[in-house]
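Given next are the chains, with one letter for each unit.
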Amino acid sequence: MDSHLPAGPKDKSEVGKPSRATQLFIVWKKLRKSKLSVVGFGIVLFISMAALLAPIIAPYDPEWTGRARRPPSMEHVFGTDGRGRDMLSLVMYGARVSIFIGLATVAIELILGVAIGMIAGYFGGMIDEILMRITDVVLTLPTMMMLIVAISMFSVRGVHVIILVMGLLGWPFLARVVRSEFLSIRETTFVEAARSMGATSWRIIMRHILPNILSSVIVIATMDIPWYIFYEATLTFLGFGDPQSASWGVLLQLGYPKMQHSWWIITFPGLALLFTSLGFNLFGDGLRNALDVKVRE
Amino acid sequence: MNETLLNVNDLKTYFFIAEGAVKAVDSVHLKIGVGEVLGLVGESGCGKSTMALSIMRLIRHPGKIVGGEIWFEGENLLSKSEGEMRKIRGGKISMIFQNPMSSMNPVFTVGSQIAEAIKLHQDAQKHEVREKVVEILGKVGIPSPSERVKDYPHEYSGGMLQRAMIAMALSCNPKLLIADEPTTNLDVTIQAQILELMRTVRKEFDASILLIGHDFGVISELCDKVAVMYGGKLVEHADLATIFKEAKHPYTQALLESIPRLDVETERLRIIPGSVPQLINPHPGCRFCPRCEYAKEICSKEDPPLIEVGQGHSAACFLYGSIDKPNHQRK
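Residues numbered from 1 in each chain as written. Chains lettered and ligands numbered in written order. Predicted model: local features only at pLDDT ≥ 70, side-chain atom pairs only at ≥ 80, totals over all residues.

**Student:** Would you take a moment to explain the overall build of chain B for this structure?
**Tutor:** When helices and strands are counted, chain B shows 10 helices and 12 strands. What you see for chain B is a C-alpha radius of gyration of 21 Å, in line with the 20 Å of a compact globule of 331 residues. Each of the three principal axes of chain B carries a C-alpha extent, and together these read 70 × 50 × 40 Å. Going through the 331 residues of chain B one by one, you find that 43% of them count as buried. In chain B, 65% of the contacts between residues at least 6 apart in sequence involve partners at least 24 apart. (Helix = DSSP H or I, 4+ residues; strand = E, 2+ residues; numbered from the N terminus. Rg over C-alpha atoms; globule rule 2.2 N^0.38 Å. Buried ≥ 20, exposed ≤ 12 C-beta atoms within 10 Å, placed from the backbone. Contact = placed C-beta atoms within 7 Å.)

**Student:** What is the right way to look at the interface of chain B and chain A in this model?
**Tutor:** It is common to report an interface's size as the accessible area lost on association of the parts. Each side of the interface is counted separately: chain B has 24 residues, and chain A has 17 residues. Here the element with the most residues in the side of chain B that touches chain A is helix α3 (residues 110-121) of chain B; it accounts for 3 residues.

**Student:** Even after reading the chapter, I still don't get the pairing of strand β7 (residues 176-180) of chain B, so can you show me in this structure?
**Tutor:** Residues in a regular strand project their side chains so that they alternate between the two faces of the sheet. Residues and elements named next belong to chain B. Among the 5 residues of β7, 5 are classified as buried, and the element is accordingly described as predominantly covered. Covered by surrounding structure in β7 are Leu 176, Ile 178 and Asp 180 together with Leu 177 and Ala 179, the residues of both alternating faces. One ladder, built from 4 bridges, connects strand β6 (residues 93-96) with β7; its direction is parallel. Bridge pairing in β7 links Ser 94 to Leu 177. Pairing of β7 with strand β8 (residues 208-213), which is carried by 5 bridges, proceeds in the parallel orientation. The residue of β8 that forms the bridge with Leu 177 is Ile 209. Between the parallel elements β7 and β8, the chain passes through helix α7 (residues 188-205) in a crossover that is right-handed. (Pairing = 2+ DSSP bridges. Right-handed = clockwise from strand over helix to strand, strands pointing away.)

**Student:** So what exactly am I meant to see when it comes to the sheet that holds strand β12 (residues 313-315) of chain B here?
**Tutor:** In a beta sheet, neighbouring strands pair by backbone hydrogen bonds and run either parallel or antiparallel. Residue and element names in this part refer to chain B. Strand order in the open sheet made by the 8 strands is β6-β7-β8-β3-β9-β10-β12-β11, with mixed pairing throughout. Two strands bound the open sheet, and with one partner strand each, they are β6 and β11 (307-310). Going from strand to strand, the sheet's axes swing by 25 degrees on average, the running direction of each strand aside. (Axes fitted to C-alpha atoms, helices over the stretch in contact; angles between N-to-C directions.)

**Student:** Is there a simple way to explain the sheet that holds strand β1 (residues 4-17) of chain B in this structure?
**Tutor:** Residues and elements named next belong to chain B. The 4 strands lie next to each other as β2-β1-β4-β5, forming an open sheet whose pairing is antiparallel. Looking at the sheet topology across the chains shown, the edges are occupied by β2 (20-33) and β5 (75-76). Here strand β4 (residues 63-72) pairs with β5 via 2 bridges, running antiparallel. By the bridge assignment for β5, Trp 71 is matched with Asn 76. On top of the sheet, helix α1 (residues 48-55) reaches β1, β2 and β4; it is set at about 70 degrees to β2, its chief contact.

**Student:** Can you help me understand the environment of Gly 20 of chain B in this one?
**Tutor:** Residue and element names in this part refer to chain B. Relative to the helices and strands, Gly 20 resides in strand β2. Sequence separation between Gly 20 and Ile 280 is 260 residues; the distance between their C-alpha atoms is 6.0 Å. In this structure Gly 20 touches Ile 280 and Asn 281, once residues within four positions along its chain are discounted.

**Student:** What is the right way to look at the packing of helix α6 (residues 158-170) of chain B against α7 of chain B in this model?
**Tutor:** Working note: a packed helix pair is described by the angle between its axes plus the distance between those axes. Residue and element names in this part refer to chain B. The contact between α6 and α7 brings their axes to 10 Å, and the two run at 15 degrees. Taken together, the axes of α6 and α7 lie roughly parallel to each other. In this structure, the crossing between α6 and α7 has a hand that is right-handed. Residues Gly 158, Gly 159, Gln 162, Arg 163, Ile 166 and Leu 170 of α6 lie in contact with α7, whose contacting residues are Ile 190, Gln 193, Ile 194, Leu 197, Val 201 and Phe 205. A breakdown of the residues in the contact of α6 with α7 according to their chemical character gives 7 nonpolar, 4 polar and 1 charged. (Parallel < 35°, antiparallel > 145°, perpendicular 65-115°, else oblique. Left-handed = near helix turned anticlockwise from the far one by under 90°. Nonpolar A, V, L, I, M, F, W, Y, C, P; charged D, E, K, R; others polar.)

Here it is in structure tokens:
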């Protein structure tokens, strides 16, 4: 009802210039324009909350066992698995592991990709040549095979090893984007102007160029999170994962042999993966528009 | 006369590209006195901007300063380290550019960028810096500066941004302000305002100005002295009045005749036939020779030196001076 009232005189605090908090609000306002990105944001938020609050809101402890392979019911919304554990609780705890894997890998990718891309793009010349050839080599490696080979080389099967290897292989695309943005922005007049005011290279890179490309970096990072979750799930499903962790990939692997008579064991972790990927991608797409200063509300 | 602030001596800046060396600035001499405004005129591609960037030592690969000296306040800028140069840039010499719309970083507020410039060169408390930014924005004629400091560059108009750029350039009280075609991308009314502002700046901040432009109208508004460049060479150097009354070099003459004037009746404006010379491996003679109507045999073989042709007036042309004087006649 209230929303139908004509907009009254604005609160006097609105008259001033946007502070940091209201700038976030502007991004949100722009994001809200696209229904799909709101849905994406909702899914991301929902899954993150489920993961964060799992110890509080999960109906059972993940180690709790009851009767095995019960179909979904009021008691066990997602049914129980082959060992009698509650699937809903497992999926919620699995979200913690899977999302952690996604975020941690993206963190490694960001550090490597941004650093290598910006050094190559800003300094150019020989440095650029060397760094970009290394990037090309890493980019041509078939990711899945390299992951399997690399992970097999380690004697420890741990989530950390998988994160490290995925991060070490995942940066080239980001590095290329960062490099090309640096190449174009370092030629702009405002960089020249900053130089003419006596700014150091470091200052120009960190303060004048990096903030200008942050939106592309954030979008790529957002879209890459589900990729890494997927890669880990695939690896685990193929048997190269860490069976001690309870990621969605492990749940899929455990449920696969029982697929014919207990469909719920594999379906719910699979759907969780699907929706996470969908959510991050829709959200990332919306962010691309919302973070662009040049796109007015 | 007053003392010299900047003395560019025999400066050579070349760009090394695959086809050879582009001699963008070739043996140029220039002098700016304290408090003086020098106009550097020439058509596109004659090396004006390269000249400015050379003084700031901002020439980047594949360009290189290959010879000469740049004396500023008794010190040779070419023998300074990069760190020492950074202190001078924005501190003692600062620069404004021709396209104000892209001279500011779009993701930071105008105020924070000017504040950054101040913080780079001065030790000041946060609130002092803020006050200074507001004060200087007010000085360059930004209305309600305490509000507008918080605006982003895209919320300013082109003229206001150029004012803000001037404010940034002046924020550390530079001795020399290099203005690289500051009014080129602005419409005529704003141009006039910016020129007016530059005139006040000159009085109030007591800075020398190197004004680069191709528009004699703009130059004549502001400058005490004029230097004319052609094809990477300095061809004439004199007082503003002298240039307008008795330009000696054929290029300067032609350039002046190509300006529309209200006081002289002409059917058509003069055009200079031909185009700007290639600066890659230029021929040994005078750069203007192929387009010059007084060209003599010697002009295509030898490079004319800059010689004194009057009181504080020099020109680089074989028509004058002692060396094999050709007859001063039109063909």
